[in-house]
Amino acid sequence: MDLPSNPPVSPAVRITVLLRLVSEGFQDAFAARPAWLEAPAVDLAELREIVGVERVKQLRSATGLREGATYTAGGPAGTVTLAAAAHEGVLGLLGLAALPPDVVVEETPDGARYHVPEDWFVTAPAGRNGSADRAR
């Protein structure tokens, strides 16, 4: 995914939105909070540089955040990984690109709520991928 060299939105915001998106996708799929979250090493390094080591330690403690190949949430029930469509679509959610036509925006008293398509998520119930709860 190509991002401008001087983006109008902090990379920390993009990373946080992707983590939130995969976490909520897991909760929708399995009706439970994920036991852990994974993000690519390059994004974790960037997040650590922007928000600091202590804040990343807090995130690791609170969410089980760790390094992985991509944005994934997991637990005993299985895993949810963000598909390529989610990585492109999040740019629309952040106002950096056009909002994908299959994203539904619901106006609420608390502000806009976004309903994203299910094809943004790859869900693997436990037992189907051999090691859904890749505990470390």
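To be clear, the structure that these remarks concern was listed above.
The model shown is predicted, which means the values in this text are computed figures rather than measured ones.

Let's shift gears to the overall build of the protein chain. In terms of regular secondary structure, the protein chain is built from 4 helices and 7 strands. Each helix and strand of the protein chain, ordered N terminal to C terminal, gives the series α-β-α-α-β-β-β-α-β-β-β. Put simply, the protein chain has 136 residues, and 37% of those count as buried. The contacts in the protein chain between residues at least 6 apart in sequence include a share of 69% that link residues at least 24 apart.

For the rest of this paragraph, the subject is the packing of helix H1 (residues 11-30) against helix H2 (residues 41-51). Look at H1 against H2: their axes get within 9 Å of each other, and the N-to-C directions meet at 125°. Compared by their axis directions, H1 and H2 come out oblique. Considering how the two elements wind past one another, H1 and H2 form a crossing that is left-handed. Each of Pro11, Ala12, Arg14 and Ile15 in H1 lies in contact with H2, whose residues at this interface are Asp43, Glu46, Leu47, Ile50 and Val51. When the residues that make up the contact of H1 with H2 are grouped by side-chain class, the tally is 6 nonpolar, no polar and 3 charged.

Once that is clear, we can look at the nonpolar core. Grouped together as the largest cluster of nonpolar side chains are 25 residues, with contacts concentrated most on Leu19, Tyr71 and Leu82. Sorting elements by how many residues they give to this core places H1 first, with 8 residues. Those residues in contact with Leu19 that lie beyond four places of it in its chain are Leu37, Glu38, Ala39, Leu65 and Tyr71.

Right, let's talk about unusual backbone geometry for a bit. A positive phi angle is found at Ala31, which is not glycine, with a value near 55°. Within the element layout of this structure, Ala31 appears in the loop between H1 and strand S1 (36-40).

With that settled, consider the environment of Pro125. Within the secondary structure, Pro125 sits in strand S7 (residues 121-125). Leaving out residues up to four positions away in the same chain, Pro125 has contacts with Phe30, Ala77 and Gly78.

A word on the packing of aromatic side chains. Each aromatic ring pair is characterised by the separation of its centres together with the angle its planes make. A full pass over the atoms with the stated rule returns 1 aromatic pair. When the centroid spacing of 4.9 Å and the interplanar angle of 50° are considered together, the rings of Phe26 and Phe30 count as tilted. Of this pair, Phe26 and Phe30 are both found in helix H1, 4 residues apart, which corresponds to roughly one turn of the helix. Each member of the pair, Phe26 together with Phe30, is buried. The aromatic ring of Trp36 is capped on one face by Arg66, whose charged end is 4.1 Å from the ring centroid.

What counts, and at which threshold
- Residues numbered from 1 in each chain as written.
- Predicted model: local features only at pLDDT ≥ 70, side-chain atom pairs only at ≥ 80, totals over all residues.
- Heavy atoms only, no water.
- Helix = DSSP H or I, 4+ residues; strand = E, 2+ residues; numbered from the N terminus.
- Buried < 20%, exposed > 50% of the residue type's maximum accessible area, 1.4 Å probe, protein only.
- Contact = heavy atoms within 4.5 Å.
- Axes fitted to C-alpha atoms, helices over the stretch in contact; angles between N-to-C directions.
- Parallel < 35°, antiparallel > 145°, perpendicular 65-115°, else oblique.
- Left-handed = near helix turned anticlockwise from the far one by under 90°.
- Nonpolar A, V, L, I, M, F, W, Y, C, P; charged D, E, K, R; others polar.
- Core = buried A, V, L, I, M, F, W, Y, C linked by side-chain atoms within 4.5 Å.
- Phe/Tyr/Trp six-rings, centres within 6.5 Å; stacked < 30°, edge-to-face > 60°.
- Lys NZ or Arg CZ within 6 Å of the ring centre and 35° of its normal.

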